[in-house]
Amino acid sequence: MRALQFDRFGTPEVIVLRDVPRPDPAPGQIRIAVRACGLNPADWANVGGLFADRLPPPPRGLGLEVSGIVDALGEGVAGVEIGDRMFGPVPHDGPTAGAAEHALMATWARIPQGVTDEEAAALPMAAETAWRALDDLGIRPGEMLLVHGAGSTVGEAAVRLALHRGIQVIATAGPAKAAALRAAGATVTGYGDGMTERVTALAADRIDRALDATPSGGRADRPGDVSPAGGSLPALIRLTGDPDLVLTISDLAAAAELGTRTTQIDMRYDLLDEIARLAGDGVLSVSIARTFALEDIQEAAELSRSGRPGGKLILLPQAQRLCPGRA
């Protein structure tokens, strides 16, 4: 099968596409023919060696979340049949992971009817992170939540989950995502100069808690209300009045300095079935910006690392370039 791998740690340029043996499922695992693989900032952290001390050395695979069709069952697997459509996270400690024509899964959920393969592959990391962030923040029904960076995949999922829980939401987002967030039920304002004043006016001086969902802590492309020491967090602290009422998913160094909350690292796999149910009900979704063939991984990585992908980026392992010889 074809799979993306990296043989050494570094920037995405170390990732290569090659033919490798197709893996067999271990007891308790399933194997799927991968239809879609979601890309995440964590992929580039893994390639860069962030967890090098916890995981086996390269060669390793790329891709943390997938959807596809079950084509092999490991010993002891029950309730799953060949041909079932499944989605979820994939182990990333071996020579292949999700960015491959076939992938192993130890945890999965059934793709709901009406949800596409691409939509399913976009959900696990963003939805689970958003769910965990709302729980860790302690926001309750009826309270007012500010989601800063609501145009990000985690931000969009957090807005939709919060509204479903009966939480009032003010969202900061760029014009490309504003209409969709308003349609979901959020009050939306833009980034940039005067953001705190606009939010204060919209909230009538009441922001109970704030979630920083910007992928880079608000540093990369937010010209207003952003401090060089702490990204967007100082502005969110001013709006809530207490650093303990603010949580960031990304700016961990600033959070330690300023006293805001952060999310736990361990993924909650028990949420997958509920995420699937909410997706099937139309409550939960993540916007997809672009899809790429495996051959286009460098283009996908460049867009992802720009901090402005415009939504979820998806690899399609079964697709190939129309012009395979293109550089």
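Residues numbered from 1 in each chain as written. Predicted model: local features only at pLDDT ≥ 70, side-chain atom pairs only at ≥ 80, totals over all residues. Heavy atoms only, no water.

1. Observations concerning the sheet that holds strand S2 (residues 15-19)
Link 1 in the chain: With antiparallel pairing, the 3 strands of this open sheet are ordered in space as S2-S1-S4. Both outer strands of the open sheet, S2 and strand S4 (60-61), are each paired with one neighbouring strand and no more.
Link 2 in the chain: Pairing of strand S1 (residues 2-6) with S4 involves 2 bridges; the strand directions are antiparallel. From the neighbouring strand, Phe 6 faces S4, where its bridge partner is Arg 60. (Pairing = 2+ DSSP bridges. Helix = DSSP H or I, 4+ residues; strand = E, 2+ residues; numbered from the N terminus.)

2. Digging into the pattern of salt bridges
Link 1 in the chain: One pass over the structure, following the stated rule, counts 20 salt bridges.
Link 2 in the chain: Where Arg 268 meets Asp 135, a salt bridge forms, and the shortest distance between an N and an O atom there is 3.5 Å. With a gap of 133 residues between them, Arg 268 in the loop between strand S14 (261-262) and helix H9 (272-280) and Asp 135 in helix H3 (residues 124-137) connect regions that are remote in the sequence.
Link 3 in the chain: A residue is classified by how much of its surface remains accessible, and Arg 268, at 32% relative accessible area, is partly exposed.
Link 4 in the chain: On the basis of relative accessibility, which here comes to 36%, the residue Asp 135 falls in the partly exposed class.
Link 5 in the chain: One salt bridge in this structure joins Arg 261 and Asp 244, with 3.1 Å as the shortest N-O distance. (Salt bridge = Lys/Arg side-chain N within 4 Å of Asp/Glu carboxyl O. Buried < 20%, exposed > 50% of the residue type's maximum accessible area, 1.4 Å probe, protein only.)

3. Describing empty space enclosed by the protein
Link 1 in the chain: Within this structure, the stated rule accounts for 2 cavities of 30 Å³ or more.
Link 2 in the chain: When its volume is computed, the second largest cavity comes out at roughly 40 Å³.
Link 3 in the chain: Around the second largest cavity sit Phe 6, Asp 43, Asn 46, Gly 61, Leu 62, Gly 63, Leu 64 and His 92, which together line it.
Link 4 in the chain: Taken together, the residues of the lining of the second largest cavity sort by class into 3 nonpolar, 4 polar and 1 charged. (1 Å grid on protein atoms, 1.4 Å probe; cavity = no way out; pocket = protein on both sides within 12 Å on 5 of 7 lines; lining within 4 Å. Points joined across faces, edges and corners; volume = space filled by probe spheres on them. Nonpolar A, V, L, I, M, F, W, Y, C, P; charged D, E, K, R; others polar.)

4. Quick look at the sheet that holds strand S9 (residues 144-148)
Link 1 in the chain: Strands sit in the order S11-S10-S9-S12-S13-S14 across an open sheet of 6 strands; the sheet is parallel. Edge strands, defined here as strands with exactly one partner in the open sheet, are strand S11 (187-189) and S14.
Link 2 in the chain: Pairing of S9 with strand S12 (residues 209-212), which is carried by 4 bridges, proceeds in the parallel orientation. Within S12, the position partnered with His 148 by the bridge is Asp 212.
Link 3 in the chain: Of the strands in this sheet, S9, strand S10 (168-172) and S12 are in contact with helix H4 (residues 153-164), which crosses S10 at around 165 degrees. (Contact = heavy atoms within 4.5 Å. Axes fitted to C-alpha atoms, helices over the stretch in contact; angles between N-to-C directions.)

5. So, unusual backbone geometry
Link 1 in the chain: In this chain, Pro 58 is followed by Pro 59 through a cis amide linkage whose omega measures 10 degrees.
Link 2 in the chain: Locating Pro 59 in the fold gives a position in the loop between helix H1 (41-47) and S4.
Link 3 in the chain: Look at Asp 205: it is not a glycine, yet its phi comes out positive at around 65 degrees.
Link 4 in the chain: Tracing the backbone shows Asp 205 in the loop between helix H6 (195-203) and S12.

6. A short note on the pairing of S12
Link 1 in the chain: Both faces of S12 are covered, namely the face carrying Arg 209 and Leu 211 and the face carrying Ala 210 and Asp 212.
Link 2 in the chain: With 3 bridges joining them, S12 and strand S13 (residues 246-248) adopt parallel strand pairing. Looking across to S13, one finds that Asp 212 is bridged to Thr 248.

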